[in-house]
Amino acid sequence: MNRLSKISFLVLACVLLLSMTAYGQQERGTVSGIVTAEDSGDPLGWVMVSAYQVDGNNWPAGMAWANSSGEYELSVPYGDYHVKARSWNYISEWWEEVPNRDEASAVTVDEENNPENINFTLATIVYGGIAGTITDAATEEPIRWAWVVATGTEEPYSHRWALTNSDGEYEMELMSGTYEVEAYANGYIEGAIDEPVVVEDEVVTGVDIALMSIIYGSISGTVYDNDSGEPVENARIKARMVDGWHGGSTRSGSEGDYVLENLRPGDYRLTAYGYGYFSEVYPDIVTVVGDENVPDIDFYLGSSEGPFDGFISGMVTDEETSEPIVDALLMVVSFGSWYDFRINFTHSGEDGSYLFDDLPPLEYKIFCNASGYSREFYDNKDNWWDADIVTPDVENIDFALGSPEPGPRFLGGLVYENNQPVPGAIVFAKQDGEVKYNTVTYPDGSYDFVGINAGIYNIEVISPSQNEGSLVNKNVLFSDVCDADVTISVTSIDDDVHLPVSTTLSQNYPNPFNASTEIRFSLPVNSNVQLDVYNLLGQKAATLLKGEVESGDYSITWDAGDLPSGVYFAVLSTGGSSESVKMVLLK
């Protein structure tokens, strides 16, 4: 273990020892024993012994250092514990003589029992390593700055990595064990060895990988204003690979034209964003072939300008350097009395600044996501529930993003609700019930966890409509998972309920809502109109409008009054045709 790691280890130990005072007011007992070295049988000093509550979390309830005679005694509140010993250059061990906590034997501490002879025999860590060369498969030339990752097959949650030098060579030190080895380099397709490498007490040489270079393609098109047909300048167009985390972005020119270059061959989803417009997801998947351009991928953006004039603005910067982060994706979510969702997306500019405008006067929570950085909610929160609330009009809602501990794996997919991709859903990756990573879905319904540690994860999703979905045991130990799609469970409608369909009624806002909501519709010609509200049983709850109405745009506020929480349907009938939208009342 290097000097920096040892210092970090000591600092952590001191923090843990200080934290033990939180248990000082409880009835306590002791756990004691001796720690020895397996190869010599000699006592080991400076061994950290920790006790963890069997039904508790991963924070130790008690901790002690073994003295020069290998003896230790730690104090803990009464309860059942798993006990672990760890020391520099030795393999950690759980009592009794097992490597993993789920195999450990529990010890009980109470007024009649202070366990003794909880002894440990630690084996010395045997180090070896791997070395090799990373080359171009076509030219056999060495590749500089390739990233080589070794992941243990017996302990896949840990990994080591190294960078190649100018001769394409690398070498890394590893504990004895069996390892999967992969290589990554800019401009090349990822590669891996065919069989795992067994490392003992020497460096295994000749662990070579040849990478295939990528032949890039491109996508081009034009962004138009849906109403006027005029080109939209400076719109942001982003491409995201369906089966991977690769992609690209660009902006439209003065004639609305754009070109997305340097795209890997594969299938992509495209989204366009424009100032003063709703974001638009291209309806079809676009397939890119190497050394070819896919033309005429055009967007028609609808105006988002409304009666609202609130704004939220700020900066996105690098936590360490304070330099601006360009093209970070930000999502603002508003809610009323109970998760009344309204979702907007934007990106940071060249100077790291961002702006949400045309916002109604509601309370918001903001999420920031930038490639290569830790994702967070405002203000420096790692989850939705702890995020600070922001209300318009306000400036300096800033994000300073730090670099995450890099991992070798990727996990991603799509979130569906009612067979449609869901933007703005919150996605959690969990292990043992604990949230390890969180993110939100993009406007095309996709989500990703880039650079995470290898492991087995449960995925849980909450959609803006507060419906839920999940996946269990997604294995990302030795390969990326790009198809972890989640289908949201929604409330079904009784088969006997028949609601009519048309094309003139817009989704109510807000939705879900508490007490009242706004229902909008448009009429191209004068019509005899009836606007009704039904419950899930098909029973009429209210009639909001009935009679002859001139052509134009209309907005009606429905006050749900004393009606119970649940799913309702607004049904607009206009002389032989009709349309319905689902509304969720939450009180």
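Calculation rules
Residues numbered from 1 in each chain as written. Predicted model: local features only at pLDDT ≥ 70, side-chain atom pairs only at ≥ 80, totals over all residues. Heavy atoms only, no water. Helix = DSSP H or I, 4+ residues; strand = E, 2+ residues; numbered from the N terminus. Buried < 20%, exposed > 50% of the residue type's maximum accessible area, 1.4 Å probe, protein only. Contact = heavy atoms within 4.5 Å. Areas by Shrake-Rupley, 256 points an atom, 1.4 Å probe, with all protein chains shown as cover. 1 Å grid on protein atoms, 1.4 Å probe; cavity = no way out; pocket = protein on both sides within 12 Å on 5 of 7 lines; lining within 4 Å. Points joined across faces, edges and corners; volume = space filled by probe spheres on them. Nonpolar A, V, L, I, M, F, W, Y, C, P; charged D, E, K, R; others polar. Polar contact = N/O pair within 3.5 Å; in protein donor to acceptor, adjacent residues only side chain to side chain. Pairing = 2+ DSSP bridges. Axes fitted to C-alpha atoms, helices over the stretch in contact; angles between N-to-C directions. Core = buried A, V, L, I, M, F, W, Y, C linked by side-chain atoms within 4.5 Å. Salt bridge = Lys/Arg side-chain N within 4 Å of Asp/Glu carboxyl O. Phe/Tyr/Trp six-rings, centres within 6.5 Å; stacked < 30°, edge-to-face > 60°. Lys NZ or Arg CZ within 6 Å of the ring centre and 35° of its normal. Patch = residues over 30% accessible without salt bridge, like charges linked within 9 Å, V, L, I, M, F, W, Y side chains within 5 Å. Lys, Arg positive; Asp, Glu negative; His and termini not counted. Charge placed at Lys NZ, Arg CZ, Asp CG, Glu CD. pLDDT = per-residue confidence, 0-100.

**Brief notes about the overall build of the protein chain**
Now for step 1: Helix and strand counts for the protein chain come out as one helix and 47 strands.
Now for step 2: Burial analysis of the protein chain (587 residues in total) assigns 47% to the buried set.
Now for step 3: For the protein chain, restricting intrachain contacts to residue pairs at least 6 apart in sequence, the fraction spanning at least 24 positions comes to 64%.
Now for step 4: Put simply, the protein chain shows about 29,300 Å² of open surface, and 45% of that area lies on carbon and sulfur atoms.

**Description of empty space enclosed by the protein**
Now for step 1: In total, this model carries one cavity of 30 Å³ or more according to the counting rule given.
Now for step 2: If you trace the largest cavity, you find it lined by Lys-238, Arg-240, Thr-271, Tyr-273, Tyr-442, Pro-443 and Asp-444.
Now for step 3: For the lining of the largest cavity, the secondary-structure elements that each account for two or more residues are β19 (236-241) and β22 (266-273).
Now for step 4: In the lining of the largest cavity, the residues fall into three nonpolar, one polar and three charged.

**With respect to the side chain of Arg-264**
Now for step 1: Following the sequence through the fold, Arg-264 ends up in the loop between β21 (257-263) and β22.
Now for step 2: Within the structure, the side chain of Arg-264 is placed 3.0 Å from the backbone oxygen of Tyr-188, a separation counted as a polar contact.
Now for step 3: Arg-264 has contacts with Tyr-188, Ile-189, Glu-190, Ile-214, Tyr-216, Met-241, His-246 and Val-288, leaving out every residue within four places of it along the chain.

**Digging into the sheet that holds strand β36 (residues 426-431)**
Now for step 1: Strands sit in the order β37-β36-β39-β40 across an open sheet of four strands; the sheet is antiparallel. Looking at strand neighbours, the two that pair on one side only are β37 (434-440) and β40 (468-475), the edges of this open sheet. Adjacent strand axes in the sheet meet at a mean angle of 20 degrees, parallel and antiparallel pairs treated alike.
Now for step 2: With five bridges connecting them, β36 and strand β39 (residues 456-462) associate as antiparallel partners. Counterpart to Val-427 in the pairing with β39 is Val-461.

**Looking at the pairing of strand β46 (residues 566-574)**
Now for step 1: For β46, the buried fraction is high: seven of the nine residues fall into the buried class.
Now for step 2: In the sheet, strand β43 (residues 527-535) pairs with β46 via seven bridges, with the strands oriented antiparallel. Its bridge partner being in β46, Asp-532 is matched across the sheet by Val-571.

**Regarding the nonpolar core**
Now for step 1: The biggest cluster of nonpolar side chains holds 23 residues, and the ones touching the most others in it are Val-31, Val-35, Val-49, Tyr-72, Val-83 and Phe-120.
Now for step 2: Listed in part, the 21 residues of the second largest apolar core include Ile-130, Ile-134, Ile-143 and Val-199.

**Considering the side chain of Thr-135**
Now for step 1: Following the sequence through the fold, Thr-135 ends up in strand β9 (residues 127-136).
Now for step 2: Setting aside anything within four residues of it in sequence, one finds Thr-135 in contact with Glu-140, Glu-141, Pro-142, Ile-143, Ile-209, Ala-210 and Leu-211.

**Digging into the pattern of salt bridges**
Now for step 1: A full pass over the atoms with the stated rule returns 12 salt bridges.
Now for step 2: Close ionic contact of Asp-448 with Arg-240 constitutes a salt bridge, the shortest N to O distance being 2.5 Å. Within this pair, whereas Asp-448 is found in strand β38 (residues 446-452), its partner Arg-240 is found in strand β19, the two being separated by 208 residues in sequence.
Now for step 3: Its relative accessible area of 3% is what places Asp-448 among the buried residues.
Now for step 4: Looking at Arg-240, the relative accessible area reads 18%, which means it is buried.
Now for step 5: For Arg-409, the salt bridge is made with Asp-480, and the minimal N-O distance between the two is 3.0 Å. Residue Arg-409 is located in strand β34 (residues 409-417), and its partner Asp-480 is located in the loop between β40 and β41 (486-487); the two are separated by 71 residues in the primary sequence.
Now for step 6: Residue classification places Asp-480 among the partly exposed positions, given a relative accessible area of 31%.

**What about the packing of aromatic side chains?**
Now for step 1: In the structure shown here, the tally under the stated rule is 15 aromatic pairs.
Now for step 2: Residues Tyr-72 and Phe-120 carry aromatic rings whose centres are separated by 6.4 Å and whose planes lie at 50 degrees to one another, so their mutual orientation is tilted. With a gap of 48 residues between them, Tyr-72 in strand β4 (residues 71-77) and Phe-120 in strand β8 (residues 120-122) connect regions that are remote in the sequence.
Now for step 3: The exposure class of Phe-120 is buried, given its relative accessible area of 0%.
Now for step 4: Here Tyr-282 and Phe-299 contribute two aromatic rings whose centre-to-centre distance is 5.7 Å and whose plane-to-plane angle is 65 degrees, an arrangement assigned as edge-to-face. Here the residue Tyr-282 occupies a position in the loop between β23 (280-281) and β24 (286-288), and Phe-299 occupies one in strand β26 (residues 299-301), the gap between them amounting to 17 residues.
Now for step 5: With a relative accessible area of 1%, Phe-299 lands in the buried category.
Now for step 6: Taken together, the ring pairs connect Tyr-354, Phe-356, Tyr-378 and Phe-399 into an aromatic cluster.
Now for step 7: A cation sits over an aromatic face here: Arg-240 above Tyr-442, 3.8 Å from the ring centre.

**Comments concerning the sheet that holds strand β33 (residues 399-401)**
Across a sheet, strands are paired by hydrogen bonds formed along the backbone, either parallel or antiparallel in direction.
Now for step 1: Spatially, three strands are ordered β30-β27-β33 in an open sheet, and the strand pairing comes out mixed. Of all the strands in the sheet, just β30 (353-359) and β33 have a single pairing partner and so form its edges. Within this sheet the neighbouring strands show an average axis-to-axis angle of 20 degrees, counted without direction.
Now for step 2: In this sheet, β30 lies alongside strand β27 (residues 310-318) in antiparallel orientation, the contact comprising five bridges. For Gly-310, the partnering residue across the bridge sits in β30 and is Leu-359.

**Digging into a negative patch on the surface**
Now for step 1: Residues Glu-27, Asp-55, Asp-80, Asp-110, Glu-111 and Glu-112 make up a contiguous surface patch of negative charge.
Now for step 2: As for its position among the elements, Asp-55 is in the loop between β2 (48-53) and β3 (62-65).

**With respect to the confidence of the model for the protein chain**
Now for step 1: Averaged over every residue, the pLDDT of the protein chain is 84; residues scoring 70 or more account for 88%.
Now for step 2: When the criterion is pLDDT under 50, residues 336-340 qualifies, and its contacts beyond four places in sequence or with other chains add up to 12 contacts.
Now for step 3: Low pLDDT, under 50, characterises residues 491-503; the stretch is placed with 23 contacts to residues that sit more than four places away or in other chains.

**Some points on the environment of Val-326**
Now for step 1: Looking at where Val-326 falls in the secondary structure, it is placed in the loop between β27 and β28 (329-335).
Now for step 2: Residues Val-326 and Glu-350, spaced 24 residues apart in sequence, show a C-alpha to C-alpha distance of 5.2 Å.
Now for step 3: Sequence-distant contacts of Val-326, that is, excluding residues within four places in its chain, are made with Ser-348, Gly-349 and Glu-350.

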